[in-house]
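The lines below spell out each chain.
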Amino acid sequence: MTKRFLAAAAFVLLSSTAAVRATDVGAIFETACPFGDCAAGISLSYLGEFVIPTGHMENGVEFGGISGLDFDAATGHYLAISDDRSERGPARFYELDVDLDAGLKGVSVVKQVTLKDKNGEPFAARTVDPESIRLGKDGIYWGSEGDGKALLSPFVRVASPDGSFVREFKLPEGFAPTADKSTGIRDNLAFEDLAVAPSGDVFVGVEAALYQDGPKSSLTSGSLSRIVRYDGATGEPKAEYVYPVAPIPQAATKADGGNDNGMSEILALDDHRLLAVERSYAQGFGNNIKIMMMDLTDATDVSAIASLSENDQRVVPARKSQVLDLRAIGLVPDNIEAMSLGKAKDGTDVLILGSDNNFSTSQKTQFYAFKVLSRPQQ
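Reading the values: rules and limits
Residues numbered from 1 in each chain as written. Predicted model: local features only at pLDDT ≥ 70, side-chain atom pairs only at ≥ 80, totals over all residues. Heavy atoms only, no water. Helix = DSSP H or I, 4+ residues; strand = E, 2+ residues; numbered from the N terminus. Buried < 20%, exposed > 50% of the residue type's maximum accessible area, 1.4 Å probe, protein only. Contact = heavy atoms within 4.5 Å. Polar contact = N/O pair within 3.5 Å; in protein donor to acceptor, adjacent residues only side chain to side chain. Pairing = 2+ DSSP bridges. Axes fitted to C-alpha atoms, helices over the stretch in contact; angles between N-to-C directions. Salt bridge = Lys/Arg side-chain N within 4 Å of Asp/Glu carboxyl O. Phe/Tyr/Trp six-rings, centres within 6.5 Å; stacked < 30°, edge-to-face > 60°. Lys NZ or Arg CZ within 6 Å of the ring centre and 35° of its normal. Disulfide = S-S within 2.5 Å. pLDDT = per-residue confidence, 0-100.

## Things to note about unusual backbone geometry
And step 1. If you check the backbone angles, Asn59 has positive phi at about 55° while not being a glycine.
And step 2. Tracing the sequence through the fold places Asn59 in the loop between β3 (57–58) and β4 (61–62).
And step 3. Classification of Asn59 by relative accessible area gives exposed; the value is 63%.
And step 4. The backbone of Asn358 sits at a positive phi, close to 55°, despite the residue not being glycine.
And step 5. Relative to the helices and strands, Asn358 is located in the loop between β22 (349–355) and β23 (364–374).

See the structure below:
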């Protein structure tokens, strides 16, 4: 969840929009052979953008903070989680209707559901940071980023459709935050990513390296994010892999401005190939959003390696290949943190992206849609 550098965002959106022509609906973007593997090819056709302005109210609560998105085939709607830390309203997720009729025509709220803690109560303010949501075999899987400063551990839990607690996945060793920052998650760079594979396995990724694994991304170096592979049925960790987040692609254009880059979402295509969002921000410039494909087939299981930065064993990271650069195709993305495969009402496969507006008037809740023309074959 990016909360940094918001003051300059209004200028960024206005200046960037004037400089870049939006992509035409129907434009096709193809990556024929990611990693040199033509069976992994993917082709997308742009369906458009829809924006919900900051300040929109639903049931007396401000809508926004959309940080995770998943398709429910049973209803034809999407589940979207807000990263409101129970400050503007109770921690919650939404059921959304996405209107895709020869293009992305609209996004509307069907229902709002309050998430409950283990005692069956709404979460107290700042005790949770919801960042991701997926439908699993026995309920709604969702993740909290935790709070590194307050030493609140991240978690993945299963909820019933009414938001009630069902069970919690086991947090692996080395992820809990520490006061001296020697190990564990970095504040605001923790559990951002959640994916469910067809097998039922669950993947959970951190936005940037754990303290013991090395630095976060800079302009000259990347960051080693861990992805935990869980047995979805038991909630027990099975393996951990390394995903190499790229260096920050754009320097701040504002004097002394900040910038960052991290992995803000993952999405399973099958049991070993996933899409990942690398989301960066540079003050005075704006966001860069790149969609990457990764393949875990030959990646090293690093669950027994306590520190990647002090390791002498050979480690093979996940292979990755760029699928889409939103700015390069003429879009002006906001803070994209949500990604889902779904279906239009005519049965067409679609890829939907959504942004977290940070409840800032200088940002917006933004949705992009792409028709999936082809995708990896087993």
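## Digging into the environment of Arg273
And step 1. Within the fold, Arg273 resides in strand β18 (residues 273–282).
And step 2. With 233 residues separating them along the chain, Arg273 and Ala40 place their C-alpha atoms 8.4 Å apart.
And step 3. Those residues in contact with Arg273 that sit more than four places away from it in its chain are Asp37, Ala39, Ala40, Leu267, Ala268, Met293, Met294, Asp295, Pro376 and Gln377.
And step 4. One polar contact links the side chain of Arg273 to the main-chain carbonyl oxygen of Gln377, over a distance of 3.3 Å.

## Notes on the sheet that holds strand β16 (residues 236–245)
And step 1. If you walk across this open sheet you meet the 4 strands as β13-β14-β15-β16, and the pairing is antiparallel. Where the open sheet ends on each side, the last strands, each with one partner, are β13 (191–196) and β16. Sheet twist, expressed as the average angle between the axes of neighbouring strands with direction ignored, equals 20°.

## A short note on the pattern of salt bridges
And step 1. Counting across every chain of the model gives 25 salt bridges.
And step 2. Between Glu87 and Arg126 there is a salt bridge whose closest N-O contact spans 3.1 Å. Of this pair, Glu87 sits in the loop between β6 (77–82) and β7 (92–100) while Arg126 sits in the loop between β8 (104–114) and β9 (130–136), and the two are 39 residues apart along the sequence.
And step 3. Glu87 sits in the partly exposed class, given a relative accessible area of 45%.
And step 4. Between Glu168 and Lys118 there is a salt bridge; the shortest N-O distance is 3.1 Å. Taken as a pair, Glu168 in strand β12 (residues 165–168) and Lys118 in the loop between β8 and β9 lie far apart in primary sequence, 50 residues in all.
And step 5. Judged by its relative accessible area of 31%, Glu168 falls in the partly exposed class.
And step 6. Among the charged side chains, a network of salt bridges with common partners joins Arg85, Glu87, Arg126, Asp129 and Asp147.

## Brief notes about the packing of aromatic side chains
And step 1. Across all of its chains, the model carries 9 aromatic pairs by this definition.
And step 2. Relative to Phe169, the ring of Tyr141 lies with its centre 5.6 Å away and its plane at 70°, an arrangement referred to as edge-to-face. Of this pair, Tyr141 sits in strand β10 (residues 139–144) while Phe169 sits in the loop between β12 and β13, and the two are 28 residues apart along the sequence.
And step 3. In this structure an aromatic cluster arises from ring pairing among Tyr46, Tyr368 and Phe370.
And step 4. The ring of Phe155 has Arg157 sitting right over it, with the charged end atom 3.9 Å from the ring centre.

## Considering the state of the cysteines
And step 1. Scanning the entire structure with this criterion turns up 1 disulfide.
And step 2. The disulfide partner of Cys33 is Cys38, and the gap between their sulfur atoms is 2.0 Å. Taking the sign of the S-S torsion, about 90° here, the bridge from Cys33 to Cys38 comes out right-handed.

## Comments concerning the confidence of the model for the protein chain
And step 1. Scored by pLDDT, the protein chain comes out at a mean of 93, with 94% of its residues at no less than 70.
And step 2. Within the model, pLDDT remains below 50 along residues 3–21, and this stretch shows 41 contacts once partners closer than five positions in the same chain are excluded.

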